[in-house]
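# Architecture at a glance
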Amino acid sequence: MSGKPKAEGRHDSNEKATAACAAAHVHAAVQPRHVSLRTSLLVLVLICVLPGAALCAYLVLANYQLEKRRVASETERLAGQILVELDRELAAMESGLRVLATAEPLKSGELYRFHEIARAAIKSQTAYAYVLIDPQGRQILNTLRPYGASLPTSGNPTQLAEIFESGKTILTDLFVTPLAGKQVIALGVPVYGRDGTIIYTLVLGLLPEQLNQLLNRQPIPNGWLAAIIDGSGTVVAFSRDGEQFVGRKALPDLRKRLQDEMHGSMSTTTEDGTTVTTAYARSARWNWSVATGAPKALIETGMFRLFTGIGLIALFFIIAGSWLAAVITRRVLSSVAYLNDAALALREGKPLAPPRIQLYEAEAVGEAIVQASHLMAEVHHRAYHDPLTELANRALFYELLQHQLAVAERENGQLAELAIDLDNFKVVNDEEGHPAGDHLLEAVARRIESTIRASDAAARMGGDEFSILLVDADRDSAEETAQRLVTRLAEPYDGIRSPVSASIGIAIYPTNGKDICELLENADRALYVAKHGGRNAFRLAIERAPASDE
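Structure report, in brief. (Residues numbered from 1 in each chain as written. Predicted model: local features only at pLDDT ≥ 70, side-chain atom pairs only at ≥ 80, totals over all residues. Heavy atoms only, no water.)

### A closer look at the overall build of the chain
Threshold: Working definition: helices are DSSP H or I runs of at least four residues, strands are E runs of at least two. Numbering for both runs from the N terminus. Each residue's exposure class comes from its accessible area (1.4 Å probe, protein chains only) as a fraction of the maximum for that residue type: buried when under 20%, exposed when over 50%, partly exposed otherwise. Any pair of residues with heavy atoms lying within 4.5 Å of one another is described as a contacting pair. All accessible-area figures derive from a Shrake-Rupley calculation using a 1.4 Å probe, and residue coverage is judged against the displayed protein chains alone.
Scanning the chain for helices and strands turns up 15 helices and 16 strands. The buried share of the chain, reckoned over its 550 residues, is 42%. A sequence separation of at least 24 residues applies to 61% of the contacts in the chain between residues at least 6 apart. Just so you have it, the chain exposes about 31100 Å², and 55% of that area is on carbon and sulfur atoms.

### Describing a negative patch on the surface
Formally: Here the term patch refers to residues with relative accessible area over 30% and no salt bridge, with like charges joined within 9 Å and nonpolar side chains (Val, Leu, Ile, Met, Phe, Trp, Tyr) within 5 Å. Salt bridges are identified by distance alone: a Lys or Arg side-chain nitrogen within 4 Å of an Asp or Glu carboxyl oxygen. For the purpose of charge, His is not counted, nor are the chain termini; Lys and Arg are scored as positive and Asp and Glu as negative. Lysine's charge is taken at NZ, arginine's at CZ, aspartate's at CG and glutamate's at CD.
Together, E411, D472, D474 and D476 line one region of the surface with negative charge. Within the secondary structure, D474 is located in the loop between β14 (465–471) and α14 (475–489). Judged by relative accessible area, which is 31%, D474 ranks as partly exposed.

### Thoughts on the sheet that holds strand β7 (residues 225–229)
Put simply, the rule is: For two strands to count as paired, DSSP must find a minimum of two bridges between them. Helix axes are fitted only over the stretch in contact, all axes being lines through C-alpha atoms; the angle between N-to-C directions runs from 0 to 180 degrees.
With antiparallel pairing, the 5 strands of this open sheet are ordered in space as β8-β7-β11-β10-β9. If you trace the sheet from one side to the other, it starts and ends with β8 (235–238) and β9 (263–269), each paired once. Taken over all neighbouring pairs, the strand axes of this sheet differ in orientation by 25° on average, direction set aside. Bridge analysis of β9 against strand β10 (residues 275–282) gives 7 bridges, and the strand direction is antiparallel. Looking at the pairing, H263 lines up with A281 of β10. Its contacts with the sheet place helix α6 (residues 208–216) against β7 and β8, and it is angled at close to 45° to β8.

### With respect to a nonpolar patch on the surface
Taken together, the side chains of L42, L46 and L50 define a hydrophobic patch exposed on the protein surface, amounting to about 220 Å² of accessible area. Residue position: L50 is located in helix α2 (residues 37–101). For L50, a relative accessible area of 44% corresponds to the partly exposed category.

### Quick notes on the pairing of strand β1 (residues 129–133)
Counting buried positions along β1 gives 5 out of 5 residues, so the element sits mostly inside the fold. Burial of the side chains of β1 extends over both faces: A129, V131 and I133 are buried on one face and Y130 and L132 on the other. Note: β1 against strand β6 (residues 198–206), 5 bridges, orientation antiparallel. Bridging across to β6, Y130 finds its partner in L204. The pairing of β1 with strand β2 (residues 139–142) spans 3 bridges and is classified as antiparallel. Counted as the bridge partner of V131 is N142 from β2. Between the end of β1 and the start of β2, which pair antiparallel, lie 5 residues, with G137 showing a positive phi angle near 85°.

### Observations regarding the pattern of salt bridges
Under the definition given, this model contains 19 salt bridges. For the salt bridge of E94 with R98, the shortest nitrogen-to-oxygen distance reads 3.5 Å. Of this pair, E94 and R98 both sit in helix α2, separated by 4 residues, roughly a single helical turn. Accessibility expressed as a relative area gives 17% for R98, which makes it buried. A salt bridge links R484 to E480; the shortest N-O distance between them is 3.6 Å.

### What about the environment of E417?
Keep this limit in mind: A 3.5 Å cut-off defines polar contacts: any pair of N or O atoms within that distance qualifies, except that in protein one atom must be a possible hydrogen donor and the other a possible acceptor, and neighbouring residues in sequence count only when both atoms are side-chain atoms.
Within the fold, E417 resides in strand β12 (residues 415–423). Accessibility expressed as a relative area gives 1% for E417, which makes it buried. Here the alpha-carbon distance between E417 and I468, two residues 51 residues apart in the chain, equals 5.8 Å. Excluding anything up to four places from it in sequence, E417 contacts F397, L401, S467, I468, G505, I506, A507, L519, L520 and A523. Among the polar contacts made by the side chain of E417, one reaches the side chain of S467 at a distance of 3.3 Å.

### A closer look at the sheet that holds β12
Judged by pairing direction, the sheet is mixed, and its 5 strands sit side by side in the order β13-β14-β12-β15-β16 without closing on themselves. Single-partner strands in this sheet number two, and they are β13 (457–462) and β16 (538–540). Neighbouring strand axes in the sheet, compared pairwise and without regard to direction, differ in orientation by 20° on average. Here strand β15 (residues 501–509) runs beside β16; their pairing, made up of 3 bridges, is parallel. Bridge pairing in β16 links I504 to F538.

In structure tokens, the structure reads:
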């Protein structure tokens, strides 16, 4: 009997001890951790400031990526713009060279007279020399030497020999002349005899310095580079220190890209270790290329400045936040002391209203970076359209004509090229002023657009000269369109007192030419006939007999 109460007593004691321990653990578990108010506010300041700084850093990195893409796009636009200017210059040189190749002394064999003509022409041309080469590759005439002087019988670029086979214009790579020993580029065209065979090649020599002048006229930003590269990958012009780089091969990676692609961009490293964002564009007409580059250091310097600014701003906010946390801490502690005093006063029956505590929160400042705006429509538009009439310019017209010629050749189709020249335009300019002339050109452009089909293309080639590409047009439809244009363009113009009309030359593919040069040349000849046959009319180019293979 006595053992049982003792056991129960021990059991009760153990249960009480266990309960007490459990209560102690529960009490310890629910006890809040004491944290300093000053520390809590400082952490709050860091939580507010650091994410903002991190966001700014992220935005800087995002801006850096956007800037890289913008620079790549800008270098591509600049390369394309320079290429358009280069193509335009070369096309103008080719036109002048072809006109010179039709000089009568060449066909009649009066080479001493042609030598005088060529020497006179070179004074007004961007050229180094004119050279006449026979089918055996011998120089017959060179404007650098008096007529009849001894000339090299070899050493000319092998590319020029292709002219006698194809009859096409050839632009050579950079080479050293056998006569003067200078680095030059040659532009050659065929010279046809009276029987239609190619009897000579007329060559225009260009110095790299003359191409450097073309680069210097371009709006190249400070620190950027631009180069013109020939078909072999050799630098023929350079925007900075041209004498140092002309004649050297372009970087291997760039040469490989130029062989595989017409345009694009890439990251390259120059020989001095500079990393450059490089864009390139290759001419389909001449197989030459233009490359532009922007050093990445220009972008990275701006990014470093932004990061430095963000760091200084973040440090400023941390210091200001810490000071504000200390002020708030003092205010809170003083308020707590006041509340304690108020509680004691309440116990004594003296009610007190709690004070209002005013705390100013620091706003985390972070503004989003403005996205870069869309770029090349307006540039593309500016690069390929005439600013006065809004018609296509010469470069775009050549591209369209070349494309349609390829389509017509593939599909055995036809097309027509109309060369238009205004009659009495000079009278309007001289007697009524250039503003009236500009107004007249705009009105002519609108009348041309309203007369041709939507599938056709009209272009202002310069001055009062216009060209029209009639797609899928035979002789009858071309003559019908030309007659409508003659009639429409001869109607009176508002505000123009002088009578104005138009003369038109027509060339049909493939009857009057199978490539762009033949079509343009034959259309111009037909225009010349219309111009000197009374004006205000159109003429069709005369079909030429095919040249003998011999």
